[in-house]
Structures are given as structure tokens and as C-alpha cells.
Amino acid sequence: YEKSEIVIRTYAGMENMWQNYMRYSFEYGSGFGKPREVMLEVWRDSQKHWQTFGRYDLAYNFRGKITQETRATWSESHNRWIPGVRYLVSYRRDQKTQDIEQRWDNTTRRWINNIRNVFDYDDNTGEVSEETKYRWNRANEDWSFEKRFLYTDIKPDEAEG
């Protein structure tokens, strides 16, 4: 079943009561499947109401994997959504091959690359064997290598033997 909302509450021990903290509300494109939009609200205890805070817009591939997630923050003073970050994800079958984080640039009014993670998999196990992180170099307008993580299923006590 599809959830219409999730409410997160915190416990105030001194008052011995639960208090609203955050609420996620979900909108579904055709009424079924995965949510297309998630609204984030924070509880304003002084006014006793939920205040709009953020929004996630989601897109999926035919396998139901998220291919794009765009996050925006509501600006009360501007009375509009301010884009913040966008994630672009690529897959080969069910395996994530890369994800790219982009940041909104208000000056140029466009998305700017920030971080790129590339994933390689072990052909035998299907598990991630390597992750390479790149950072966007604005001067060169290209990705610059930052670091590489190698994964193994060898446990520390096996390596010492």
C-alpha cells in the first residue's frame, strides 16, 4: 500500500509527552506506484501548525529505481520554491553505475555539477567492488578524481592468518 504521510515525533521526557517534529506527505502520479513528490513540513509549536519546509520531486526508470531527485526549499520571504540540490542516478539492470550531485546556482540560474560517484561490481557476486569519487572542477569544466574505495569480502581476522 502507498503511504500518504509519515509523521516523526520526539519525546519530551520532562513533560512526559510526544511532540510533533517533522511530516512527510506523498503525492503519487497516477495514484499508484512510487511517489512523484514528497512534501516536508516542520512543526511550529508556538503557532501549533505545520510549516512547509521542503519538497522532493522524484523520477523513476521502468524498474522503479529513482533516476532523478530534485530538492527545493520553500522561501516564505520570496513566496516560492528555491532549488537546492539534484541527484541524477544511472543503472545497468538493477545495479547503480553512477550518481551525480548537482547544486543550483542562483547567479547563472542553472544546475552545476558537484560530486560524481561511479560504481563497479564484482561479476561473480554482483556486489560493489569499487567506488570512485570525482569532484566537478569549474575552471576546467570537467570531473577531477578525488578518491577511490575498494571493497572486499575478506574479513580482518582472515587477512591476518
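See the structure shown above.
Quick look at the structure, then. (Residues numbered from 1 in each chain as written. Predicted model: local features only at pLDDT ≥ 70, side-chain atom pairs only at ≥ 80, totals over all residues. Heavy atoms only, no water.)

### Focus: the pattern of salt bridges
What counts is decided by this rule: Note on definitions: salt bridges are taken to be side-chain nitrogens of Lys or Arg within 4 Å of carboxyl oxygens of Asp or Glu. Each helix is a run of H or I in the DSSP string that is no shorter than four residues. Each strand is a run of E no shorter than two, and both are numbered from the N terminus. Any residue under 20% of the maximum accessible area for its type is buried, any over 50% is exposed, and the rest in between are partly exposed; the area is computed with a 1.4 Å probe on protein chains only.
A complete count under the given rule lists 10 salt bridges for this structure. Across the pair arginine 138 and aspartate 105 runs a salt bridge, and its minimum N-O distance is 3.2 Å. In this pair, arginine 138 sits in the loop between β9 (128-137) and β10 (142-150) while aspartate 105 sits in strand β7 (residues 95-105), placing the two residues 33 residues apart along the sequence. Residue arginine 148 pairs with glutamate 130 through a salt bridge whose shortest N-O separation is 3.1 Å. Of this pair, arginine 148 sits in strand β10 while glutamate 130 is found in strand β9, placing the two residues 18 residues apart along the sequence. The class of arginine 148 is partly exposed, set by a relative accessible area of 45%. Linked by salt bridges that have partners in common, Glu5, Arg23 and Glu41 make up one network.

### Things to note about a nonpolar patch on the surface
Put simply, the test is: Patch membership is restricted to residues that have no salt bridge and whose relative accessible area is over 30%. Joining uses 9 Å for like charges and 5 Å for the nonpolar side chains Val, Leu, Ile, Met, Phe, Trp and Tyr. Computed with the Shrake-Rupley method and a 1.4 Å probe, the accessible areas treat only the protein chains shown as cover for residues.
A surface patch of nonpolar side chains, amounting to about 250 Å² of accessible area, comprises Ile6, Ile8 and Tyr21. In this fold, isoleucine 8 is placed in strand β1 (residues 5-12). The partly exposed category is assigned to isoleucine 8, whose relative accessible area is 34%.

### A few points about the packing of aromatic side chains
For any pair of aromatic rings, the description rests on two quantities: the centre-to-centre distance and the angle between the ring planes. Keep this limit in mind: Aromatic contacts are taken between Phe, Tyr and Trp rings whose centres are within 6.5 Å, Trp giving its six-membered ring; a plane angle under 30 degrees counts as stacked, one over 60 as edge-to-face, and the others as tilted. Both a distance and an angle decide whether a charge sits over a ring: NZ of Lys or CZ of Arg must be within 6 Å of the ring centre and within 35 degrees of the ring normal.
All chains considered together, the criterion is met by 6 aromatic pairs. Between tryptophan 136 and tryptophan 143, the ring centres sit 5.0 Å apart and the planes meet at 75 degrees, which makes this aromatic pair edge-to-face. Residue tryptophan 136 is classed as buried on the basis of its relative accessible area of 18%. For the cation-ring pair, arginine 71 lies above tyrosine 56, with the distance from its terminal atom to the ring centre recorded as 4.7 Å. Positioned above the aromatic ring of tyrosine 134 is the side chain of arginine 116, whose terminal nitrogen or guanidinium carbon lies 5.3 Å from the ring centre.

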